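Next come the chains, spelled out residue by residue.
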Amino acid sequence: MEFVNVWFILIAVLWIGYFVLDGFDLGVGILLPILGRDDLRRRVMINAIGPVWDGNEVWLLVAGGATFAAFPLWYATMFSGFYLAFFVLLLALILRGVAFEYRSKEDSQSWRNRWDIAIFIGSALPAFLFGVAFGNVIGGSPIEPLPGTDAANAANFNYAGNFFDLLNPFSIAVGLMTLLIFTTHGAIFLALKTSGEVRESARSLIYKIGPLAAVVAVVALLWAQSFSERVAITLPMVLVAALAWLGAIWLTRAGRDGWAFVLSSTTILLAVAALFVGLFPNVMVSSIDSAFNLTIDNASSAGYTLTVMTWVAVIMTPIVVIYQGWTYWVFRKRISTSMIPDQPMAGRSDDRFVSTK
Amino acid sequence: MDVLDLSRWQFGITTVYHFFFVPITLGLVWFVAAFQTMWVVTGREKYLKLTKFFGKLFLINFALGVVTGIVQEFQFGMNWSDYSRFVGDVFGAPLAMEGLLAFFLESTFLGLWIFGWDRLPKKVHLATIWAAAVGTMLSAYFILAANAWMQHPVGFEVDQDTGRAVLNDIGAVLFQNTAIISFFHTMSASFLVAGTGVAAVGAWFLMKNRQIDIFRPAIKVGAVVTLIAAVAVSITGDIDSKIMVQQQPMKMAAAEALYESTTRAPFSVLTVGDVSGENATPILEIPGLLSYLSTGSFDGTVEGINELQARYETEYGAGNYVPNVPITYWGFRLMIGLGMLGAAWSLWALWRYRGGRNPQKGRLFAFSTLFVMLGPLLGISAGWIFTEMGRQPWVVFGQQLTADGVSPSITATDVWISLIGFTLVYGILAIIEVKLILKYIRAGAPETVVEDPFKDAQSNDKLYFAY
């Protein structure tokens, strides 16, 4: 197989890894004001993802870096084209990341409430915007050569629209899909990782928003079939993804939290994979003329770079998966409100910082 | 301002800001690892208390370093898409390697370290901070290799059809002398920054007569590391400047505001008057030092800005190839001066607190202690401003002008919005971060600590650590 194909698959794998893993982190952040009725419950939710969220977010950074290395023209056109959307995304991720670390650093409810808002917005906006970005990549966006340049050289292909062109009906549908799917995925993760009140409220929420997410996702994914290069493969994938989703809800009812999480992860895996399979061999579709599509051939790095990077990826990815997997094993214990120490940051009373007031 | 100027301002502001957190992270993580190791080896509680104290400061700092780092990776594509198109084949590789080899390592193992005190046996938990430290160092290596390629592009050729750089030797990119020396120079400078910080915080506690037994070792370890780092910084800096003279002579000429080629060129420590023009008046000059820094001989000839400009015009066509001279000139001096002040303070601190002494007098020492908490950090920042501004007008030296790298598809309005947005949010976060750092310095080290959190967790249902 040619290396450009390998790298198309690897980029897809990185996005799947990111959406499965950070998907539930984002979901938990969105659910913070909904399920976290008091500070203790909010702390249970935050500590459920505390040890892993940062490692999960690295999947995004690596997806970005890998796109830069393997498909520089894709990276360049997409990141400059979706400029303001990515700016908002960055601000959201900044606030969210800082909020996790800082919210317990002052003993004040108003301080924490402010950071909780940051976590909610910093989670909800990315969950929506990732879908919007994907919708524009797949459904097409106004890409054309710069005026007066060689139309045969993909290095001249640029995004010619503005911020509001990104918010078209299809991409909004995909955005709502990722928003709702991640929210539900987060609730399923909480059902698996917590016990007591938080788990109960997460479970009852799954029954409410799980079906709604299913409806929106089916609409968005069926709509995506109209852009798919190979419906015969992608449509069955979408149908299996939908079945896995219903299975996840059903297994939650049966109390099989672990399997429910496996199935909701499967849904995300299949849905994202279906989008990539339908996109191949394009990497960014032009809504102006298919001659201006960025493809794995015209947007990629040369063979030498791809060979080097393939070796790095083939060796490192399994190692990363193993040690990240170990992290989940280390923190496998369910968390409940009774386990949360009174004093944030400080373990038990014998390890408390002395007040200097 | 147009898209180019706005984008340069934005990249400058966000990068300088990001790089306040980076050297602290790169240096401090090893102090935390060392204190924890000393605790595990000796079993003495004060080392665990130091681990926790500096660990907390480290994490407050690290959080902002991480999130502002994401902006850096995205900005290449967002504001510099033509740069990204031109270099992606070469520059993207170390960036992707940084993610796969370094970011995963540091983030995952820091998560284990923060929350794992009661989940991992003592020695395994200790290993997690070492793994995270290695991750931060690898990250520095890859990004510095990528930057070194912008200073001195190697291991590639330009494809005549597409006009894009194409990698042909990854070994040359990763291991060229520019990359290696820049790594050692930046790492030793980071140790200098963190070392003075640790020692200065320790000295503050001794001056306040608080937790003396805990913080005395911090002064010693911090100051000794600073002094070793200062020697390493000087040696690597000297090698670096000789490499720079060969690869980017214009940068060195600008650093000294040397307009005409000169034999036995002096190094002016301070000047008055107009440093950008030819009529600056030096008030303190060391004869021949610039020649020595540049060529290794006090009698060597250093090329001046005017000769180089003429040479570049023949080589690259008409244009202005002179970087902003005042900024490079003062950046270079601030870098050296502030770093060396940190080293001098460390000597003073070692002398002052030698053999268990704790003199209470000394306003000047107290004042300089507060100053060195920030001084070396501003110094390393000045060094990078010098390095990057001194490369201008190139983004990739000799290959692509900064003006040719900017995104053609974004508007000035777009960049105004993001420039103002980033600056505002960064400003607010800076205030919050400094307040928290000061708060947690004042709070001091924990008075008591759990002997063995892992063992203790068997009989205690509460989490040892939680946000």
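Residues numbered from 1 in each chain as written. Chains lettered and ligands numbered in written order. Predicted model: local features only at pLDDT ≥ 70, side-chain atom pairs only at ≥ 80, totals over all residues. Heavy atoms only, no water.

S.K.: What exactly am I supposed to notice about the overall build of chain B here?
M.R.: Of the regular secondary structure elements, chain B holds 15 helices and eight strands. What you see for chain B is a C-alpha radius of gyration of 24 Å, in line with the 23 Å of a compact globule of 467 residues. Overall, the C-alpha framework of chain B stretches about 75 × 50 × 40 Å when taken along its three principal axes. Per-residue burial over chain B gives 59% buried out of 467 residues. Across chain B, the fraction of contacts at a sequence separation of at least 24, relative to all contacts at a separation of at least 6, is 78%. Carbon and sulfur atoms make up 66% of the accessible area of chain B, which amounts to about 17,500 Å² in all. Distance from the positive charge centre (31 side chains) to the negative charge centre (35 side chains) of chain B: 21 Å. (Helix = DSSP H or I, 4+ residues; strand = E, 2+ residues; numbered from the N terminus. Rg over C-alpha atoms; globule rule 2.2 N^0.38 Å. Buried < 20%, exposed > 50% of the residue type's maximum accessible area, 1.4 Å probe, protein only. Contact = heavy atoms within 4.5 Å. Areas by Shrake-Rupley, 256 points an atom, 1.4 Å probe, with all protein chains shown as cover. Lys, Arg positive; Asp, Glu negative; His and termini not counted. Charge placed at Lys NZ, Arg CZ, Asp CG, Glu CD.)

S.K.: Quick question: what am I supposed to make of a nonpolar patch on the surface here?
M.R.: All names here are of chain B. On the surface, Val 269, Leu 270, Ile 283, Leu 284, Ile 286 and Trp 330 cluster together into a nonpolar patch covering about 490 Å² of accessible area. For the nonpolar patch, the secondary structure elements donating two or more residues are strand S4 (267-272) and strand S5 (281-286). Examining the composition of the nonpolar patch, we find that three residues originate from one element, S5, more than from any other. Tracing the backbone through its elements, the reader meets Leu 270 in strand S4. (Patch = residues over 30% accessible without salt bridge, like charges linked within 9 Å, V, L, I, M, F, W, Y side chains within 5 Å. Salt bridge = Lys/Arg side-chain N within 4 Å of Asp/Glu carboxyl O.)

S.K.: Can you help me understand the interface of chain A and chain B in this one?
M.R.: Interface size is commonly expressed as the accessible area that is lost once the parts come together. Contact residues are listed per partner, giving 90 residues for chain A and 92 residues for chain B. Summing both sides of the interface, chain A and chain B together bury roughly 8,100 Å²; the carbon and sulfur share of this comes to 69%. In this structure, the connection of chain A to chain B is made through one salt bridge. The salt bridge involving Glu 106 of chain A is made with Lys 439 of chain B; its shortest N-O contact spans 3.2 Å. Where chain A meets chain B, there are 29 residue pairs in polar contact (both at pLDDT 80 or more). Element by element, the count of residues in the side of chain A that touches chain B is highest for helix H5 (residues 83-102) of chain A, at 15 residues. Among the residues forming the side of chain A that touches chain B, the class breakdown is 55 nonpolar, 22 polar and 13 charged. (Buried area = accessible area lost by both parts, 1.4 Å probe. Polar contact = N/O pair within 3.5 Å; in protein donor to acceptor, adjacent residues only side chain to side chain. Nonpolar A, V, L, I, M, F, W, Y, C, P; charged D, E, K, R; others polar.)

S.K.: Where do I start with the nonpolar core in this structure?
M.R.: Grouped burial of nonpolar side chains is what soluble globular proteins tend to show. Of all hydrophobic cores here, the largest spans 273 residues; its most connected members are Trp 7, Trp 15, Phe 82, Phe 86 and Tyr 102 of chain A together with Phe 54 and Phe 215 of chain B. Residue contributions to this core peak at 21 residues, all from helix H1 (residues 3-35) of chain A. Setting aside chain neighbours within four positions, we find Trp 7 of chain A in contact with Ala 66, Ala 70, Phe 71, Leu 306, Met 309, Thr 310 and Ala 313 of chain A. Listed in part, the 13 residues of the second largest apolar core include Ala 253, Ala 254, Tyr 259 and Phe 397 of chain B. (Core = buried A, V, L, I, M, F, W, Y, C linked by side-chain atoms within 4.5 Å.)

S.K.: For this particular structure, what's the right way to read helix H3 (residues 81-115) of chain B?
M.R.: Each α-helix winds once per 3.6 residues, and so residues spaced three or four apart point in a common direction. All names here are of chain B. In this model, H3 (35 residues) spans only 39 Å end to end at C-alpha, well below the 51 Å of a helix rising 1.5 Å per residue. Remark: the principal bend of H3, roughly 85 degrees, maps to Gly 88. Among the 35 residues of H3, 33 are classified as buried, and the element is accordingly described as predominantly covered. (Expected span 1.5 Å × (residues − 1). Bend = angle between axes of the 7 residues up to and from the residue.)

S.K.: Help me out: how do you make sense of the pattern of salt bridges in this one?
M.R.: Pairing between side chains of opposite charge can happen when the charged atoms of each approach one another. Residue and element names in this part refer to chain B. By the definition in use, this model includes 23 salt bridges over all chains. Residues Arg 119 and Asp 118 are paired through a salt bridge, measuring 3.6 Å at the closest nitrogen-oxygen approach. Since its relative accessible area comes to 19%, Arg 119 is described here as buried. The exposure class assigned to Asp 118 is buried, which follows from its relative accessible area of 4%.

S.K.: Please clarify how the confidence of the model for chain B should be interpreted in this entry.
M.R.: Detailed reading of predicted coordinates is not advised where the pLDDT is low. Here chain B averages 93 in pLDDT, while 98% of its residues score no lower than 70. This complex was scored by the predictor with a pTM of 0.94 and an ipTM of 0.93. (pLDDT = per-residue confidence, 0-100.)

S.K.: Please clarify how the environment of Asp 82 of chain B should be interpreted in this entry.
M.R.: You can see Asp 82 of chain B is positioned in helix H3. For the pair formed by Asp 82 of chain B and Arg 164 of chain B, sequence separation is 82 residues and the distance between their alpha carbons is 9.8 Å. Non-local contacts of Asp 82 of chain B, meaning those with residues more than four positions away in its chain, are made with Ala 155 of chain A together with Gln 400, Asp 404, Gly 405, Val 406 and Pro 408 of chain B.

S.K.: Would you mind showing me how to read empty space enclosed by the protein here?
M.R.: Over the atoms rolls a probe the size of a water molecule, and its path tells where empty space is left. Residues and elements named next belong to chain A. Counted under the stated rule, the structure contains eight cavities of 30 Å³ or more. Roughly 240 Å³ of volume is contained in the largest cavity. Considering the residues around the largest cavity, the lining is formed by 20 residues, among which Trp 15, Met 78, Phe 86, Phe 130 and Ala 133 are closest to the centre. When residues of the lining of the largest cavity are traced back to their parent elements, those giving at least two are helix H3 (53-70), helix H4 (72-81), H5 and helix H6 (109-139). With six residues, the single largest contributor to the lining of the largest cavity is H6. In terms of residue class, the lining of the largest cavity is made up of 18 nonpolar, two polar and no charged. (1 Å grid on protein atoms, 1.4 Å probe; cavity = no way out; pocket = protein on both sides within 12 Å on 5 of 7 lines; lining within 4 Å. Points joined across faces, edges and corners; volume = space filled by probe spheres on them.)

S.K.: Even after reading the chapter, I still don't get H3 of chain A, so can you show me in this structure?
M.R.: Its 18 residues give H3 of chain A an end-to-end C-alpha distance of 26 Å, which sits within 8% of 26 Å, the value for a rise of 1.5 Å per residue. Counting buried positions along H3 of chain A yields 18 of 18 residues, so the element is predominantly enclosed.

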